[in-house]
Each structure stands twice: as structure tokens, then as C-alpha cells.
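Tertiary structure, described
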Amino acid sequence: MTAIRDFGRTWLSNPRGDSLAGIVVALALIPEAIGFSIIAGVDPKVGLYASFSIAVITALVGGRPGMISAATAAVAVLVVPLVKDHGLGHLFAATILMGVLQIGAGYLGFHRLMRFVSKSVMTGFVNALAILIFMAQLPQLIGVSWLTYPMVGAALAIIYLFPRLTRAIPSPLVAIVLLTAAAIYWNLDVNRVGDMGELPSSLPFFALPDVPFTLETLRIILPYSVAMAAVGLLESLLTAQIVDDLTDTPSDKPREVRGQGIANFITGFLGGMGGCAMIGQSVINVKSGGQGRLSALVAGVVLLFLIVVLGPLVAKIPMPALVAVMIMVSIGTFSWRSVTDLRTNPWHSSVVMLATVVMVVWTHDLAQGVLVGVLLSGIFFASKVSRLFAVDSAIDAEGRVRTYRFRGQIFFASVDSFLEAFDFREVVEKVVIDVREAHFWDISAVAALDKAVLKLRREGTAVEVLGLNEASATMVDRFGVSEKPDAARLMQH
């Protein structure tokens, strides 16, 4: 019964909206898939077949209804050297292995890594992607016919004003249809989809990659497959989180990871390149009314129908119409509130967000930007936690016993403060290290405790460590050396 309800909710709850949104996405996918093929140095059909295959398969087995997956620039840029040096066969083999790795990652809990991506990194990721989407439209706006600009303006006007009349039909679809009709009727001198590359006229078919099945082939494709799998999953999980927020609904992240792997695995046998979730197309889908799995399925099926059956007509679609749709996506994706929040947010949160944006825009690599953001978040967090540390000391009335009371977190970032609290030159009979309100987190903390204890003992001072909690005591017993017979020699190593 639960499975039936889930099927109804994800497939049949919004058939009209999903179908219309899927058509809009299919039209927007065509120039992007061709563009990504050009980036990778392959025939346009490789990107188009991949977009069809990945969209349909993730609709069936993915974990985030309403999210669109297809061929992407993030993966395309990684395979340029592979295609150049070894050819298409190795690209398809690498895509198949990419899928295998992603399926394995799904069972190993790769999705849990998203817990370490802070809100600041997410905001930076979204803003950088919005900027990249806009920048990707610039080649269609520079050095082109003057008619391009009024057409883009007209398309944007339709996109934003048509919903005031009715929301029954997605306004981006209306803009594409009207501008295509105008461009064909008046034979307007603007760039068309057909100018991007030749559209395929046949269906994809199942075939084994034309590569030798040897360890040498595995050695060649493995580094590329690992990079493709990691980047693809990172972008897919980030996009899934964004769609979760846009729709206010949860997603099954482990299933999505496995679904991405299954899609890429099958796509490699269908003559397609690797891909992942697309935030731009996913935003188009959601804003056009797409909510369920049907939208991604329709997008993939309609994409194949358009390029194979209606190829000559699709080739006449004016690029200004599709550019306007992507500009809408760029504007809608960018978190404008984050600009005003720069003045009110903690400075380190703003630094993380801006660093993520700068790195992504500079390198055109979403993974590198997110990695920098996560590293900075970790550094700032460690720095903040290290300051949650305090110490006071007191000596007894007779001047023979010094007690140090530590409070807070003792780990690699706070061990210097821990050691600086001791006066190793003070002459006392005994030192009590009271850590009842402290916690030892790592081997750096244990090593610092060992260092303090042994240094005090070398000065002839008796040392007592008091109040280790259970977890800290376990760490000290396992990794500490100060209570072992050959402690001094062990500390030297």
C-alpha cells in the first residue's frame, strides 16, 4: 500500500504540470547538451543521447522527484584529455566505470558527506552557478545580429508577464513557441539551434565500448572515472538539496546516489557521456510547474523525439529564446538576499560564501569551489571551537600543590593554549591536572597531555590527572604514553 501511495505521489499527482514543464526542459536541454559535447570534444549526439538516457533513467530510479539530470559541463571538462588522447571508446568505458563507482558509493553512504557542507557553502555554490549560467549565454549575446537583443528582451517580457494572465501554460514554453514562430515567419537573422551542431537522426543503440578489455585500459580510465563520479555526485547532492528547499519536500539521497550510478552505467553502453543533476534545468522544471518523476521522464522522451523526429524544426528555434530562458534561471537561482546579508552575517560566513563563489567562477569547476568552501568552514569552525577553552590555577595554602582546572574542548587547534597554561619552571611537590570540565578529542590532545605530564615529572614534580570522562579516558588509555614504563623513549618517537 505504501508503494502504491508513493507511486501516486511521485508520478501521478501533477501530470499536466509535469508534462508541460518537461517539454520546456527538453527544449532548453538541446543547446546545452550540444555545447557540453563541444566542450568534451565529441559529436553533439554523444551529449544529446546522454541527456535523454540520464534524464529517463534517473526519473525511474533516482531519489529526488522533479530533479533533472543530463550531460553537464562539470563532467564534460574532466574528459577532454581522455577523448583527445584515447578516443570515444575510452570515454564510454570511463562512463560505465563511473556508474559502477557511484553505485558503490550509494551503498557506502557517500551522501553523508553533505553534512559537512555549510549553508554558506551552499549559498556560494548557488550564486556561483547562477553567474556561470549567465556567463554561458554571453557567446550568444556578443558579436551577433542586433535582432538578438530585442528578441531576448521580448522573450524575458513574455516569461515574466505571461503568468499574470494565466499559469496554465509555462511562460518559458510560450516564449519559445512565439519567438520560434516569429523567427520562421519573418526569416529573422538570428542564431538558431541548428547552428550549434548537427542533430542526430537515429535512435541510440546498445553497444559495448570499442576498447581492449585489459588492465591497461582500466589504468587509463580509472582516474577519470573516479573524478567524474565524485564531481557528478557532489553536484547531484547539492542540486537535490536545493530542489528539496524549493519544493519543501524531502528526497532519498542514498537512492539518488545509486540512481545516478545506474544512469551513467547504462548511458555508457548507449553511446553517451557521463552526467549528473543540473541545477539550472531543475530550477526551470520546478518554476515551470514540474514536481514529480514524470517531468524528468517527459523531458528525456521529448528531447529524443525532438532531435530524431522533429530535428529540422528544432534546428530553427532561435537561440535568443533559449538564452532568455537561461537568463531567467540565472536571475531566479541567484540568492539576492545573500548580498544584503553580507553586512549582517558573521564575517567568516561571508568569507566562506564569497570564496566559494570566486573559486567556482575562476575555475569553472563547482567541485573545487565547494572544496575550498568546506575547507574554510572547517578552519573557521576549528578556530572558533578552540576558543571555547579556559583554564585557571590555584596553589594550596602550603605552596606545595598546584591545581590546573581546564574547561572546554582540547584538540589539535587548542593544544598550544593547553600547554601554555602550565608553568613548568615553578617548584612545587605536586601538580593536579583537573579535566572534569574538559574533553580530549584527538591524538593531538592526548600527545599534549603526555608532553605536559612527562615534562613536569622530569622536573621532579608528582602529577595527577583528575576527572577524565569516559570517552577521553578511552583515548588516553589507547594512545597515551605517559603512564607506560618507557614513556620518555616513546615520546621521542
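Presented here is an overview of the structure given in this document. (Residues numbered from 1 in each chain as written. Predicted model: local features only at pLDDT ≥ 70, side-chain atom pairs only at ≥ 80, totals over all residues. Heavy atoms only, no water.)

From N to C terminus, the protein chain includes 22 helices and six strands. Compactness check: the protein chain gives a C-alpha radius of gyration of 29 Å against a globular reference of 23 Å for 493 residues, more than 25% above the reference. With the principal axes as the frame, the protein chain shows a C-alpha extent of 100 × 55 × 55 Å. For the protein chain, the residues scored as buried account for 53% of the 493 residues in total. Sequence-distant contacts, at least 24 apart, represent 83% of the contacts inside the protein chain between residues at least 6 apart. By element, 64% of the accessible surface of the protein chain is carried by carbon and sulfur atoms, the whole surface being about 23,400 Å². A distance of 5 Å separates the average location of the 37 positive side-chain charges in the protein chain from that of its 36 negative side-chain charges. (Helix = DSSP H or I, 4+ residues; strand = E, 2+ residues; numbered from the N terminus. Rg over C-alpha atoms; globule rule 2.2 N^0.38 Å. Buried < 20%, exposed > 50% of the residue type's maximum accessible area, 1.4 Å probe, protein only. Contact = heavy atoms within 4.5 Å. Areas by Shrake-Rupley, 256 points an atom, 1.4 Å probe, with all protein chains shown as cover. Lys, Arg positive; Asp, Glu negative; His and termini not counted. Charge placed at Lys NZ, Arg CZ, Asp CG, Glu CD.)

Here Asn-187, not a glycine, exhibits a phi torsion of approximately 50 degrees, which is positive. Considering the arrangement of structural elements, one finds Asn-187 in the loop between helix H9 (171-185) and helix H10 (215-247). Asn-187 gets classed as exposed once you look at its relative accessible area, which sits at 64%. Of note in this structure, Asp-248 is not a glycine but carries a positive phi near 55 degrees. Within the secondary structure layout, Asp-248 lies in the loop between H10 and helix H11 (253-269).

What follows covers helix H8 (residues 148-161). In a regular helix each residue adds 1.5 Å, so 14 residues correspond to 20 Å; H8 covers 20 Å between its end C-alpha atoms and thus fits that length. Here H8 has its buried residues at Thr-148, Met-151, Val-152, Ala-155, Leu-156, Ile-158 and Ile-159. All buried residues of H8 lie within an arc of 160 degrees about the axis, which places them on one face of the element. Turning to H8, the residues buried within the fold contact H9 and helix H15 (319-333). (Expected span 1.5 Å × (residues − 1). Arc of directions from axis to C-beta.)

Bringing the layout of surface pockets into the picture now. Its volume calculated, the largest pocket comes out at about 790 Å³. Along the walls of the largest pocket sit 28 residues, with Glu-32, Phe-36, Ala-73, Leu-132 and Ala-136 positioned nearest its centre. Every element with two or more residues in the lining of the largest pocket is listed here: helix H2 (15-40), helix H4 (73-76), helix H7 (119-137), helix H12 (279-287) and H15. Broken down by element, the lining of the largest pocket gets its largest block of residues, six residues, from H7. (1 Å grid on protein atoms, 1.4 Å probe; cavity = no way out; pocket = protein on both sides within 12 Å on 5 of 7 lines; lining within 4 Å. Points joined across faces, edges and corners; volume = space filled by probe spheres on them.)

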